[in-house]
Amino acid sequence: MAIEREDSARGITTVVIPAAGMGTRFLPATKTVPKELLPVVDTPGIELIAEEAASVGARRLAVITAPDKQEVMRHFEAFPQLVETLDARGKDEQVSKVKRANQLIHPVAVEQEKPLGLGHAVGLAEEVLGEDEDSFAVMLPDDIVLPATVMAEMARVRADLGGSVLCAFEVPREQTYNYGVFDVEDTADPAVKKVVGMVEKPAVEDAPSNLVATGRYLLDRKIFDALRRIKPGKGGELQLTDAIELLIEEGEPVHVVVHKGKRHDLGNPGGYIPANVDFGLRDEKYGPTLYKAIKQIMAEYEAEHGLS
């Protein structure tokens, strides 16, 4: 499948995907199926992330995976026997779907023996970067950001302002306690803010803004040195936020792009179910029938609960 690539973002060669978690919020399903392979309609979440990475010109997908989660990497294999069987039966659409992940981008497995935090996972990616790569992207597989153009915009901001660039969403202030919250200053561009600090899950009254971090990072290579110098926190975990805060303290430029699109959280059933509904309604094949089914389900639910 051909993927359109953003010319402005071709400086991004490697995208890091932290995928070593145990998926405990999806138990019992994740006893045998990695969370990253749970489908949004019919496409695993990690394949949606791989498509986004390919669309901004990335050529390498560094998947941080646990020793017992090799199924994630296997999803990107060619499956020649399956393709041959489907092709013989004239199932062209299914052939295309099976081939798609293998043709998107080159995946590289980086094993994380123990889950020691997002900062630790990102630090492991240093070994797969080329010497000429002065920056790299991180995309968290739990976060689907729509439209999938924010990383290209982040690359443009880095080209203009240097340093590291993160993605931010506005949320109601009463929800800020759930997120990492940015302390920011304005720039000449209303959609771009300079980060002067970050607070992880503050009390609502202590939140410095209503701009929160989501799972898209374009990081300067200096982040690796910062990760080596921070101290582990609770549970012995290294936090990426702490390393970014260290860069800010040392005068390195860090900015956020305030994204006005949509975000789905695939990391828990409460976000995963709405994502499937949203993607399903927009699917040419399933959308019309799903719309009718949802209306019927809603009517029955409202009647049962006296809401109609």
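Calculation rules
Residues numbered from 1 in each chain as written. Predicted model: local features only at pLDDT ≥ 70, side-chain atom pairs only at ≥ 80, totals over all residues. Heavy atoms only, no water. pLDDT = per-residue confidence, 0-100. Contact = heavy atoms within 4.5 Å. UniProt positions renumbered as here; feature names shortened; annotations may be inferred. Helix = DSSP H or I, 4+ residues; strand = E, 2+ residues; numbered from the N terminus. Axes fitted to C-alpha atoms, helices over the stretch in contact; angles between N-to-C directions. Parallel < 35°, antiparallel > 145°, perpendicular 65-115°, else oblique. Left-handed = near helix turned anticlockwise from the far one by under 90°. Nonpolar A, V, L, I, M, F, W, Y, C, P; charged D, E, K, R; others polar. Buried < 20%, exposed > 50% of the residue type's maximum accessible area, 1.4 Å probe, protein only. Polar contact = N/O pair within 3.5 Å; in protein donor to acceptor, adjacent residues only side chain to side chain. Salt bridge = Lys/Arg side-chain N within 4 Å of Asp/Glu carboxyl O. Pairing = 2+ DSSP bridges. Core = buried A, V, L, I, M, F, W, Y, C linked by side-chain atoms within 4.5 Å.

We now examine the confidence of the model for the protein chain. Across the protein chain, pLDDT averages 92, with 96% of residues at or above 70. A low-confidence stretch, residues 1-8 (pLDDT under 50), is modelled with 22 contacts involving residues beyond four sequence positions or located in other chains.

UniProt records the feature "domain: Nucleotidyl transferase" (unreviewed entry) for residues 16-277 in the present numbering. Overall, residues 16-277 shows 31% helix and 27% strand. The separation of its end C-alpha atoms is 28 Å.

Once that is clear, we can look at the packing of helix H1 (residues 45-55) against helix H4 (residues 92-104). Think of two packed helices as two axes; the pair is described by the angle between the axes and how far apart they sit. Viewed as axis vectors pointing N to C, H1 and H4 meet at an angle of 50 degrees, and their least axial separation amounts to 9 Å. For the element pair H1 / H4, the angle class is oblique. Here H1 runs over H4; the crossing is left-handed. In contact with Glu-47, Ala-50, Glu-51 and Ala-54 of H1, H4 contributes Arg-100, Ala-101 and Leu-104. When the residues that make up the contact of H1 with H4 are grouped by side-chain class, the tally is 4 nonpolar, no polar and 3 charged.

Another aspect to go through is the side chain of Thr-30. Here Thr-30 is to be found in the loop between strand E1 (14-19) and strand E2 (39-40). We classify Thr-30 as buried; its relative accessible area is 11%. From its side chain, Thr-30 meets the backbone nitrogen of Leu-27 in a polar contact 3.4 Å long. Non-local contacts of Thr-30, meaning those with residues more than four positions away in its chain, are made with Met-22, Gly-23 and Lys-35.

Another aspect to go through is the packing of helix H9 (residues 269-281) against helix H10 (residues 287-304). The geometry of H9 relative to H10 is characterised by a closest axis approach of 8 Å and an angle of 130 degrees between their N-to-C directions. In terms of orientation, H9 lies oblique with respect to H10. Facing Val-277, Gly-280 and Leu-281 of H9, the residues of H10 in contact are Gly-287, Leu-290, Tyr-291 and Ile-294. Split by residue class, the contact of H9 with H10 holds 5 nonpolar, 2 polar and no charged.

The bulk of non-glycine residues show a negative phi, and the bulk of peptide bonds are trans. Omega for the peptide link from Leu-27 to Pro-28 comes to 10 degrees, which places this bond in the cis form. By secondary structure assignment, the location of Pro-28 is in the loop between E1 and E2. Look at the link from Leu-146 to Pro-147: it is a cis peptide, with omega at -10 degrees. Positioned with a positive phi, Val-41 is a non-glycine residue whose angle comes to about 65 degrees. Locating Val-41 in the fold gives a position in the loop between E2 and strand E3 (43-44). Despite not being glycine, Phe-79 shows a phi value in the positive range, around 50 degrees.

So, on to the pattern of salt bridges. Following the criterion strictly, the structure yields 21 salt bridges and no others. In this structure, the salt-bridge partner of Arg-60 is Glu-133, at a minimum N-O distance of 2.9 Å. Here the residue Arg-60 occupies a position in strand E4 (residues 60-65), and Glu-133 occupies one in the loop between helix H5 (118-124) and strand E6 (135-139), the gap between them amounting to 73 residues. The class for Glu-133 is buried, based on a relative accessible area of 6%. As a salt-bridge pair, Asp-186 and Lys-193 come within 2.8 Å of each other at their nearest N and O atoms. Here the salt bridges share partners, and the residues they tie into one network are Asp-42, Glu-93 and Lys-97.

Bridge count for strand E9 (residues 180-186) against strand E10 (residues 192-200) is 7 bridges, and the pairing is antiparallel. If you follow Glu-185 over to E10, its bridge partner there is Lys-194. Hairpin connection of E9 to E10: 5 residues between the antiparallel strands.

To continue, consider the nonpolar core. With 47 residues, the main nonpolar core has Ile-12, Val-15, Leu-61, Met-139, Met-151, Met-154 and Leu-218 as its most contacted residues. Sequence-distant contacts of Leu-61, that is, excluding residues within four places in its chain, are made with Val-15, Ile-17, Ala-50, Ala-53, Phe-76, Ile-105, His-106, Pro-107 and Val-108. With 37 residues, the next largest nonpolar core counts Ala-125, Ala-226, Ala-243 and Val-258 among its residues.

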